[in-house]
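Observations on chain architecture
In case you want the letters, here they are:
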Amino acid sequence: MSESPNLLEINNLGCDFSIRERLGWRRRVLRAVDRVDLTISNGDIFGIVGETGSGKTTLGKAIAGIQRPTRGAVRLSGKVVSSVDIRLPKSVSAQMQYVYQDPGASLDPRWTLRRSLHEPLVIHSPRSSASDRENSVRKMVTAMGLSPGLLDRFPHEVSGGQLRRMGLARVLVLAPKIVIFDEPTAGLDVLVQATVLGLMRDLLDQFKLTYILISHDIAVVSSICNRLAVMYGGNLVEIGPTTQVLKEPLHPYTRSLLASSLQIGGSRLTDSLEPLNTTAPRGTR
Ligand SMILES: Nc1ncnc2c1ncn2[C@@H]1O[C@H](COP(=O)(O)OP(=O)(O)OP(=O)(O)O)[C@@H](O)[C@H]1O
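Residues numbered from 1 in each chain as written. Predicted model: local features only at pLDDT ≥ 70, side-chain atom pairs only at ≥ 80, totals over all residues. Heavy atoms only, no water.

Worth spelling out the cut-off: UniProt positions are given in the numbering used here, feature names are shortened, and annotations may be inferred rather than shown by experiment.
An unreviewed UniProt entry annotates the protein chain as ABC transporter ATP-binding protein of Rhizobium calliandrae. The protein chain has a UniProt comment under Subcellular location (unreviewed entry) that states "Cell inner membrane". Word for word, the UniProt comment on the protein chain under Sequence similarities (unreviewed entry) is "Belongs to the ABC transporter superfamily."

**Some points on the packing of aromatic side chains**
The line we're drawing: Side-chain rings of Phe, Tyr and Trp (the six-membered ring for Trp) are treated as a pair once their centres are within 6.5 Å; stacked means planes under 30 degrees apart, edge-to-face means over 60, and tilted covers the remaining angles. Each helix corresponds to a stretch of at least 4 residues labelled H or I by DSSP, and each strand to a stretch of at least 2 residues labelled E; elements are numbered beginning at the N terminus. The buried label goes to any residue with under 20% of its type's maximum accessible area, the exposed label to any with over 50%, and the partly exposed label to all in between, with areas taken from a 1.4 Å probe on protein chains only.
Under the criterion given, the structure shown has three aromatic pairs. The interplanar angle of 85° and the centroid separation of 4.9 Å between the aromatic rings of Phe 181 and Tyr 211 together place this pair among those described as edge-to-face. Of the two residues, Phe 181 is situated in strand β7 (residues 178-182) and Tyr 211 in strand β8 (residues 210-215); the sequence distance between them amounts to 30 residues. Tyr 211 carries the same exposure label as Phe 181, and that label is buried.

**Some details on unusual backbone geometry**
The phi dihedral of Ser 77 is positive, around 45°, even though this residue is not glycine. On the secondary structure map, Ser 77 appears in the loop between β4 (71-76) and β5 (79-83). Judged by its relative accessible area of 23%, Ser 77 is partly exposed.

**Let's talk about the nonpolar core**
Rules: Throughout this description, the term nonpolar core refers to a set of buried Ala, Val, Leu, Ile, Met, Phe, Trp, Tyr and Cys residues connected via side-chain atoms within 4.5 Å. Should any heavy atoms of two residues lie within 4.5 Å, those residues are counted as being in contact.
Met 144, Met 166 and Tyr 211 are the most contacted members of the largest nonpolar core, which has 48 residues in total. Each residue touching Met 144, except ones within four places of it in the same chain, is listed here: Arg 165, Leu 168, Ala 169, Leu 172, Leu 199 and Leu 203. Counting residues in each nonpolar core, the second largest holds 30 residues, with Leu 8, Ile 178, Ile 214 and Ile 239 among its members.

In structure tokens:
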């Protein structure tokens, strides 16, 4: 079988939840994600933007294999890795990493940072030697701009920014192909946002990564992503190169998202209208 040119292909993906009616015990089906078709190429920084409850996190988790889809399939390099009846195998799950809003917060407060950073390698490469693991961990911590000396400390003994970087190091030490960031800059002030986005960019180049970036903030997504999808009510209503989506939004929801973002922080958004990759096709539904 010839290898697909797309790193990731998502076909007709859907995720339903069974939820209880407001009154009584009857249940109904909520289509959190429906009929999502997407292709992501090597090196893409692909943004998914939409309002709260539009299904961004559910979609991200379904792609990463954390949420089992109800319909459709996810293919990595042409091979089905997740569908209704296929659960992401361990060998593949290391290749697609999901990063929660603050990756530092997921580090165990009772463990030294060294133990937390070794742990994913112990799970995914159980035959690796302790010294090989230590080398990989030190290399990654250094790439994050941190001193390996910090590895002897506990989470409460480093700064918030250092902890966030340690959390990211824990994800990247597995050498994933695709990293899915869920709201990586939410709750940060604009200067720290810029630092986090700058670090993400550096790591992408250094480790040849591909990103999916989930955010409710179209200005943040536009500042770093070369392609953008707009999510509304569980559907991707618009997909295209970032510059085109910003300049010529096709869907009314995208237009209203842009209008409200321009009112809040217009200069940030217009700054990101610099030419990015405009060659990829776009569409709306
Ligand atoms: N485990 C679950 N059980 C039932 N409903 C769920 C579950 N997870 C999410 N939902 C619902 O699915 C819909 C999509 O949720 P999701 O978290 O994917 O949205 P989102 O766009 O990421 O929102 P936010 O920006 O607020 O994080 C929402 O209506 C949510 O209430």
